[in-house]
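Structural description and commentary
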Amino acid sequence: MSRFIHTFLRPIQHNRLGWLYAGLLVGLCAFALWPLLYRPGLPNGNDVLYHVFRAAEMSRSWDNGVLFPRWAEAFYTGYGAPVFHYYAGLSYYVTSLLMRLFGLDALNALRALIVLSVFGGGAGMYAFVRLLAGHPGGLIAALAYTYSPYLLFTEPYSRGAYPEMAAFALFPWVMAAYGRLARTGSAGAFIAAAAGSAALIFTHNLMALVMTGLLVGWLVWSLAAHMLARGRARLLALAAAASGVGLAAVFWLPVMLESDAVRLGNLTAVAQLDYRNFFVPPEHLLAFSPRYDEGALNGLVHRFNLGAAQWALAAGGGIFTLWVLARRRSNNTAPLHALYFALAGLACITLMLPAAEGLWSAVGPLAFLQFPWRFLGPAAFCLAVLAGMNARWIERLPGWAAGATSAGIVAAIIGLALPALYAPEWIHETVDSSVAAYHREELAGRQRATTFSNEYLPKTVIVEPGPTPRLLADYADGYPVNKAHLEALPDGVTVELLEHGPQHDAWRVTAAAPFTLEVLTFDFAGWQASVDNQPVVITPSEPHGLITLPVPVGEHTVRVWLGSTPARDLGGAISLGTLLEVTALAALLRRRTRPAALPVDETAAPRLLAGLLVGGLIALALAVVFLREGGAWLNSPPGEVLPAQQQTGFRLGESLRLLGYDLNGESFRPGDRLELRLYWYTTAAIPYGYSSFVHVSSGGPPLAQADKLNPADRPTKEWTSGGYIQDDYTITLPPDMPPGTYALLAGLYTCDTRPPGECGNGDRLPVTDAAGAPLGDAALLATLEVR
């Protein structure tokens, strides 16, 4: 009888334990939302406004009945762009849904997306690693993932890369679905895995490629290692991955086959997106998260470190994994899984190092990733899995030691992340995301179809046309918008607007003679036209690439709409066929007896729960003490720079100051990277535009140098006395640089004081020390030794 009662109560106790861990997870992940809790809006991240305006444009399409648009009609001052055709849009579908459910504007919908990503990514990581290391391991992995600096700070705040952030939140759920499928072979797990892979592709183009590769590598590794002796289930997992790709063919196939219709090559053609400029030295990857300084006018910079707690815990989990595998005394296959993620994590880290530049050059498609540091996200996932494996050796410790260790791990993960819970330059408390506001941004040159390099500008556009004032006013007034080029109509022609939508227009046209109607929409693959329901040929205007079509004499109904293409038809057919295949295979799986999932040893989970909870309380205490000015962040008074390694008192001209600098060493070898950060300050408005130079010299011409048109990529005329400017330089010393002593010099020069075309070397600002003694036209920062 007692055995029967124990058997009956065990599932209830197990479920209760799961709910306790889930509740603790939610509470511990809530710390990560601190930047959103005490301030409205978002900071001045690189892509924040891009995604605010895209979310607003998607929402307007929904308002007008187009739920899955390919065209963003308001972009390029109303001429439109195929942004949603090429850029994965699932995150914008989510924000549009949030805007309707909760009455949010685009800015606050993105804030809500951050909240969903924080909790969703943590919960997904917990679900996946729990399959390998039980409840405690799942919780540790979830915290390591959530509080990794790249996901905690860089993605949501300094970059504002919300689709990529959402992809990293979704990926652990995808892995959990495949983990469940490999263990059970069930119909539900198969559907979840295939749908998850498809959703990943719909969320972010580039990271879907990377993370699908990580997933498929794991599945092949598992199959090759004969794990779990469940070959059919693992083949099902590979089939689910293929099905996921097929389900998403309606998106990715047209992107590939119609890539030459726009300027995707621009993604790798500009220096600002050249992967060679974005490798991360190993000392940066292993560094602690620095404190930000509110006293910097441009203090919002990316974090490219793995997280000290993350890599230390991953090392501990990796060592334990190797120890278990070396002993070969356990049938538990979790260490083999962990070994895969250790190798994958090392691969991700290697691809970010400067030493990997040759590999990037040899593998051409890697260039489309643009930033090697993008592998910080996949690396964070792999390290989190290894971090979770620490639970397996902690549970072998005596009770008090296990509790203390688990508490220390939680406190370390959250405590070391506290500097990343403060974001400076929090300037977007509200954003007007109306069409009129967006067009003002475009006219001011701050937006170009929410892109950096015009990558979605149709190739039919040879010369971009100027804005059409009447069209801008029409958009500002709201729907309907008349996109016929009324200003170019010949005499004897009248055009009456019948319909307008995000991807279609209709007019009643009366013409005394045949003429060519120009529509203020860029031509692009799929635009079609008819006159009285009879198709007519669209011709792009030259050089502006606008839609034009012939209209005969008389009264006619003219229609223009964005239709399908052979590539889109093929992609849709593949997706539909795959959907039928998934449905049929799931139905077949339901008829078979569902195998039981292999059990995970949870005997130590209840006694580790208390230690993990104590760790959360310690983290709360740390947050109370350190989440303040002077603790997790600094605030340098005007004219000072508290975080500078070297304080200086150089004066350049009347108002400019060089307050200090950071340097990554004073002894180098030929070919080494010299990393320098200068701290500039001005006491008054600057009348001229100054450029900067940094020279490594032995007295003659510089042997290595770096120059910037605008120091810190911010025109000096825009500098104010409200704070300092931090300005970064990377100089690679020549590989044949002779050994010796060299001077590191910095200064400013301008051409504004000379007649146009007669700049020469420009006029350098004179440099004096703090007492006013002249030092020439360059500041001597340091003396370098090259060995």
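Check the entry above for the structure.
Cut-offs applied
Residues numbered from 1 in each chain as written. Predicted model: local features only at pLDDT ≥ 70, side-chain atom pairs only at ≥ 80, totals over all residues. Heavy atoms only, no water. Pairing = 2+ DSSP bridges. Helix = DSSP H or I, 4+ residues; strand = E, 2+ residues; numbered from the N terminus. Axes fitted to C-alpha atoms, helices over the stretch in contact; angles between N-to-C directions. 1 Å grid on protein atoms, 1.4 Å probe; cavity = no way out; pocket = protein on both sides within 12 Å on 5 of 7 lines; lining within 4 Å. Points joined across faces, edges and corners; volume = space filled by probe spheres on them. Nonpolar A, V, L, I, M, F, W, Y, C, P; charged D, E, K, R; others polar. Parallel < 35°, antiparallel > 145°, perpendicular 65-115°, else oblique. Left-handed = near helix turned anticlockwise from the far one by under 90°. Contact = heavy atoms within 4.5 Å. Buried < 20%, exposed > 50% of the residue type's maximum accessible area, 1.4 Å probe, protein only. Lys, Arg positive; Asp, Glu negative; His and termini not counted. Salt bridge = Lys/Arg side-chain N within 4 Å of Asp/Glu carboxyl O.

On to the sheet that holds strand β5 (residues 527-531). Spatial strand order, β2-β3-β9-β5-β6: five strands in an open sheet with antiparallel pairing. At either margin of the open sheet sits one strand with a lone partner, and together these are β2 (493-501) and β6 (534-536). Taking each pair of neighbouring strands and ignoring which way they run, the sheet shows an average axis angle of 25 degrees. Pairing of β5 with β6, which is carried by three bridges, proceeds in the antiparallel orientation. Within β6, the residue paired with A529 across the bridge is V536.

Across all of its chains, the model carries four cavities of 30 Å³ or more by this definition. The computed volume of the largest cavity comes to approximately 180 Å³. In terms of lining residues, the largest cavity is bounded by 15 residues, among which S117, V118, T146, L151 and M165 are the most central. Contributing elements (two or more residues each) for the lining of the largest cavity: α6 (106-146), α7 (149-159) and α8 (162-184). Across the lining of the largest cavity, the residue classes break down as 11 nonpolar, four polar and no charged. If you go around the second largest cavity, you meet 15 residues; those closest to its centre are S289, G307, A308, L416 and A417. The element best represented in the lining of the second largest cavity is helix α14 (residues 308-327), accounting for three residues. Each residue belonging to the lining of the second largest cavity can be placed in one class, and the counts come to 11 nonpolar, four polar and no charged.

Our next topic: the pairing of strand β18 (residues 740-750). Bridging between strand β15 (residues 691-697) and β18 involves seven bridges; their strand directions are antiparallel. In the strand pairing of β18, V696 is matched with L744. In terms of strand pairing, β18 meets strand β22 (residues 779-786) through seven bridges, oriented antiparallel. Paired with G740 across the two strands is V786, which belongs to β22. Looking at chain direction, β18 and strand β19 (residues 763-764) are connected through two bridges and run antiparallel. When the sheet's bridge partners are listed, Y749 is paired in β19 with R764.

Our next topic: the packing of α14 against helix α17 (residues 376-388). Contact geometry for α14 and α17: axes closest at 7 Å, N-to-C directions at 55 degrees. Here α14 lies oblique to α17, going by the angle between them. The element α14 and its partner α17 pack so that their crossing is left-handed. Here Q310, W311, L313, A314, G317 and G318 of α14 lie close against α17, whose contacting residues are L383, L386 and A387. Among the residues forming the contact of α14 with α17, the class breakdown is six nonpolar, three polar and no charged.

Attention shifts here to the side chain of D523. Looking at the secondary structure, you find D523 in the loop between β4 (515-522) and β5. It is R568 that comes nearest to the buried, bridge-free D523 among opposite-charge side chains, at 9.5 Å.

To continue, consider the pattern of salt bridges. Applying the stated criterion across every chain, the model contains 21 salt bridges. The partner of E464 in a salt bridge is R448, with the nearest N and O atoms 2.1 Å apart. In this pair, E464 is assigned in the loop between α20 (435-443) and α21 (469-477) and R448 in the loop between α20 and α21, connecting sequence segments 16 residues apart. According to the relative accessible area criterion, E464 is partly exposed, its value standing at 29%. Since its relative accessible area comes to 26%, R448 is described here as partly exposed. We note a salt bridge from D763 to R754, for which the minimum N-O separation is 2.9 Å.

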